[in-house]
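Notes for the structure review
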Amino acid sequence: MGDQLERLGSEAVGLESAVKDDLCMDIDPPFRESVATAEDWRKALNKVVPAVVVLRTTACRAFDTEAAGASYATGFVIDKSRGIILTNRHVVKAGPVVAEAMFVNREEIPVYPIYRDPVHDFGFFRYDPGAIQFHNYEEIPLAPEAACVGLEIRVVGNDSGEKVSILAGTLARLDRDAPHYKKDGYNDFNTFYMQAASGTKGGSSGSPVIDWQGRAVALNAGSKSSSASAFFLPLERVVRALEFLQKGRDSSVNKWDTVSIPRGTLQVTFIHKGFDETRRLGLQSETEQMVRHASPLSETGMLVVDSVVPGGPAHKCLEPGDVLIRMNGEVLTQFLKMETLLDDSVHQKVELQIERGGASLTVNLMVQDLHSITPDYFLEISGAVIHPLSYQQARNFRFNCGLVYVTEPGYMLFRAGVPRHAIIKKFAGEEISNLEELISVLSKLSRGARVPLEYISYTDRHRRKSVLVTVDRHEWYAPPQIYTRDDSSGLWSAKPAFQPDSILLSSPIKDLGGLDLHSTEDTCMGHMHHDSHQELTNGNGATSMETSYEHVSDEAHSRDEVDVEVKKRRVEEDLSADGNVVADYTLPGTRETKPDDPNTMENSVTRDYQGATAAAANASFAERVIEPTLVMFEVYVPPSCMLDGVHSQHFFGTGVVIYHSQKMGLVAVDKNTVAISASDVMLSFAAFPIEIPGEVVFLHPVHNYALISYDPSALGAVGASAVRAAELLPEPALRRGDSVHLVGLSRSLQATSRKSTVTNPCAALNIGSADCPRYRATNMEVIELDTDFGSTFSGVLTDERGRVQAIWGSFSTQLKFGCNTSEDHQFVRGLPIYAISQVLDKIISGANGPPLLINGIKRPMPLVRILEVELYPTLLSKARSFGLSDEWVKALVKKDPIRRQVLRVKGCLAGSKAENLLEQGDMVLAINKEPVTCFRDIEYVCQALDKYDDNEGRLSLTIFRQGREIDLLVGTDIRDGSGTTHAVNWCGCIVQDPHPAVRALGFLPEEGHGVYVARWCHGSPVHRYGLYALQWIVEVNGKPTPNLDAFVDVTKELEHGEFVRVRTVHLTGKPRVMTLKQDLHYWPTWELRFDPDAAIWRRSTIKALDGSSI
């Protein structure tokens, strides 16, 4: 038989770990004939079904073996008077969880976790029995002693999403090995499981396995997807834990107190092997005879050591293959007896007699408290969840318990390349052995600091990897917090991780933004690893839990689902060559200079470095001229603010320095590299080996480029003199057949160039809208070449003298296959430099727009007047077929004999001044009586309005519509280059005002536009209730929310735990009304705003559980 994969009865996802399902020749207990009749089963089910509940659980944070998410499962009442529900451990969750139980009569009540076993797959929820008003039910008694081979059973629960499902089966085995679900997730061990062919599926986790008398004889836990086999947990340890909880509840007066349930461990995993195998392991025949004599006749084997956790009580004392003979003098062959002894001996020594390879050994081991190696707190920082390594994962990974474990890397660690499941060993030059040491080091860092971190992972456990961590400069996330489990309330309480006077909590506003760019002595860059977080599945039959996870429709777009989609390429090479931060760079072996002449030394180093870079063999003159102006971009977008439909968290690209002075530097780059302003930008210069941060200062609302500023002083004196600005050549425009040099950078910051020929200098773009609307280049003409370096290479186009004539930039698009399948792609084209040159002139000379702080100096930024209409060219030959007159054809040909085209309206942006004036298909013939034939003509007349505005920003358009010429006055719109600067996170969804890509669809809700849901978070209330992305929220509790300010005013009045009625309109125009329950404990309402006066993104709380609001 081949390896079979099993699945936990609660996770409807494919899990990858295989387990050998050994052929069993065990002698099972005698078969007890069932005498139950159909009437007996009917009576039993009538009693049982009312006590079974559907559990809707939301794991609010990733923790230990569990990811954040929403799921449903089953539980059943086992103590009605005290209000106790039994279910699986993987349903109760090891971390923060919010849950509701729904009875068969559709009464829903909140439930709170009171215990989850550290090892075995069972846990308890509590509820208020007085909250059940309309339902009659009785508790289900537990009868573990009733389980036997051949017993006819029923599994009652929420199977495959059905509210009540009853599956029949017969117990076939009582001594099955505990199923192995996943190599890096939760697994049960040191217990037998029962097996039956009941065929349970997702959602049935926690279902009672009942006999004909209505007693629970086992707890459903998992199943094998390749067959109908289901796995049930015996109830002996459940009964013991329940007794402790009942005594604890009875001893408290009005509330649940934390109940301590003794659990002991040696940090050893045992497996049950038959006598034939133990003999092969060296078991002496005399020992086997003694064990058989001391055990029941049905016993077929013994307990054998399978694994020992490093650093545990049994480390270096027990080894895999050791056969357990006695514990404290008692012959032991069963898990239950062993666990009973350990649980009763916490903090005491036990004597183990073992045989190893035929030799008898006796060892004395201290029994450890199992709860002490089960974490009950975690650090949340920059979206990361970090806590001590649990016994579960220490057993999986063969690491010591208590090490600093990364459950979820969040943003700051993801940006550094730290994967999920990493163990942090060293941070900022200090060894890290526990979480408290990590917190202490973090509290000493300032915002923007860059420090080295070393980690190991279970996939490469023998080598440390070193990365560079950048502390968030902007306030993307809440200050670091420590969450601690409180079993009396069922919640995890949060408190600040640092003291209020911590440097990290101080304002990030400093002369250089609080950046620590001179920590190069400790900088050590290693392999940049991106964990794709994808789990391998086996199509032959996946092992999984049976908690069904919430189905996310194709329309749902999660901020977390964009794991590591890198625009240009994945980072799989060693970045040590080009990723070092060097603030004051000096080269070895430079020529001698007088020590008292710093200028001479500086010039010498500059000449030497420039000579080294220019020494590249066969470099063209244009390449040598342009290389000092090129910059490599690495851009990260925080998951907390993935706005405007941005489709990835990580981008690469090449830009060019267009302005460089003592006070300010500006770099131009395409918007498929810097897509939104809420980004962290790092710049690496080809002219000088240094990496410094940049800030987004201008995103053109139409053209595919962004302007990024940097602080020249951060380059150092040598670097500032090595870097220079490119010479821009906006005129004359490129023509077909012109020769140009395509120059760009490789990932190793080496300039690469080739000579190419322009094949089309005015190719009109036609990019369709993506499934999740994002920026797409419209109303643009681009340059096409005969040869380039492929779709991932960006740079500049220059003439023979190295003067920049165009940006060779990346454009994002989406290829669609069929109705429901699409794939993101990019292509490269040339963007004429005139568009950049115009904006640059305004910035330098002083614009009339809103001021922005750049390197400590407030500068007015330009405003752009645009006609918010999407246009496309149509050949005049086709326009004539639509009825366009010969006079107009001649006039347009005379205006532009090369293009021979007319512009037609594809659509107006919703909410624009042109929306109700122009119609799809209109031909734009002239503006202010002057014929127009290309997009640039329209740009010029819009710019002219700012100089000579006699029509209040309106253009006099002559259009051709359905055979008639019409003259219209059409308004223009003024846009800045800031992009989206305000977003709100409410109940776990990121909402913003509709961005241009959404408005370009030509539709906004009639109910006052509304706020647009850009993303949602796993484990949040919107995940639990299904408020996904790609829709507008137009009403909350009947109050209109036409914009973000109105939305904030409404939501800050909502209280914790309040059910909220939300009216939404989807992008398709479909309206919907839904309800969700607000959770301010784990998901406070907050907003993110860009502060132009300080050039910083600030996070502020709108509504939190303590009642604070703005």
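Summarised in this report is the structure supplied together with it. If you're wondering where the values come from, they're calculated on a predicted model, not measured in any experiment.

One closed barrel accounts for six strands, arranged β35-β36-β37-β40-β39-β38; its pairing is antiparallel. For this sheet, the mean angle separating the axes of adjacent strands, direction not counted, is 40°. Summarising the sheet, strand β35 (residues 630-636) and strand β36 (residues 650-660) pair through seven bridges and their orientation is antiparallel. Paired with V635 across the two strands is F651, which belongs to β36. Running over the sheet, helix α13 (residues 834-845) touches β36, β37 (665-669), β39 (691-699) and β40 (706-710) and is turned about 60° from β36.

The biggest cluster of nonpolar side chains holds 50 residues, and the ones touching the most others in it are F76, L86, F122, F124 and L142. Dropping the residues within four chain positions of it, F122 is found in contact with L86, T87, N88, R89, Y115, R116, D117, L219, L233, R237, V238 and A241. Residues M632, A668, A763 and V804 belong to the second largest nonpolar core, which totals 44 residues.

The next subject is the packing of aromatic side chains. This structure, assessed with the given rule, holds 26 aromatic pairs. The interplanar angle of 5° and the centroid separation of 5.4 Å between the aromatic rings of F811 and F827 together place this pair among those described as stacked. One end of the pair, F811, is in strand β45 (residues 804-817); the other, F827, is in strand β46 (residues 821-832), with 16 residues separating them in the sequence. A relative accessible area of 2% places F811 in the buried class. Three or more aromatic residues joined by ring pairs form one cluster here, namely F63, F378, Y483 and W492. Lying across the ring of Y775, K671 places its NZ or CZ 3.8 Å from the centre.

Below, the discussion takes up the side chain of S756. Within the secondary structure, S756 is located in strand β42 (residues 751-764). Among the polar contacts listed, one links the side chain of S756 to the backbone oxygen of T787, at a separation of 2.8 Å. Sequence-distant contacts of S756, that is, excluding residues within four places in its chain, are made with D738, S739, V740, L785, D786 and T787.

Right, let's get into the packing of helix α3 (residues 236-251) against helix α6 (residues 335-343). Across the interface, α3 lies against α6 with an axial gap of 11 Å and an inter-helix angle of 25°. Taken together, the axes of α3 and α6 lie roughly parallel to each other. Contacts between α3 and α6 involve E236, R237 and R240 on the former and, on the latter, L336, E339, T340 and D343. Of the residues assigned to the contact of α3 with α6, the class counts are one nonpolar, one polar and five charged.

What follows concerns helix α15 (residues 886-895). Of all the positions in α15, only W888, V889 and L892 are classed as buried. One side of α15 holds all its buried residues, which, seen down the axis, span an arc of 105°. Turned more than 90 degrees away from the buried face of α15 sit E887, K890 and K894, all of them exposed. In this structure, the buried side of α15 is in contact with α14 (876-881), β51 (901-908), β52 (923-927), β53 (930-931), β54 (954-961) and β55 (964-971).

Analysis parameters
- Residues numbered from 1 in each chain as written.
- Predicted model: local features only at pLDDT ≥ 70, side-chain atom pairs only at ≥ 80, totals over all residues.
- Heavy atoms only, no water.
- Pairing = 2+ DSSP bridges.
- Helix = DSSP H or I, 4+ residues; strand = E, 2+ residues; numbered from the N terminus.
- Axes fitted to C-alpha atoms, helices over the stretch in contact; angles between N-to-C directions.
- Contact = heavy atoms within 4.5 Å.
- Core = buried A, V, L, I, M, F, W, Y, C linked by side-chain atoms within 4.5 Å.
- Buried < 20%, exposed > 50% of the residue type's maximum accessible area, 1.4 Å probe, protein only.
- Phe/Tyr/Trp six-rings, centres within 6.5 Å; stacked < 30°, edge-to-face > 60°.
- Lys NZ or Arg CZ within 6 Å of the ring centre and 35° of its normal.
- Polar contact = N/O pair within 3.5 Å; in protein donor to acceptor, adjacent residues only side chain to side chain.
- Parallel < 35°, antiparallel > 145°, perpendicular 65-115°, else oblique.
- Nonpolar A, V, L, I, M, F, W, Y, C, P; charged D, E, K, R; others polar.
- Arc of directions from axis to C-beta.

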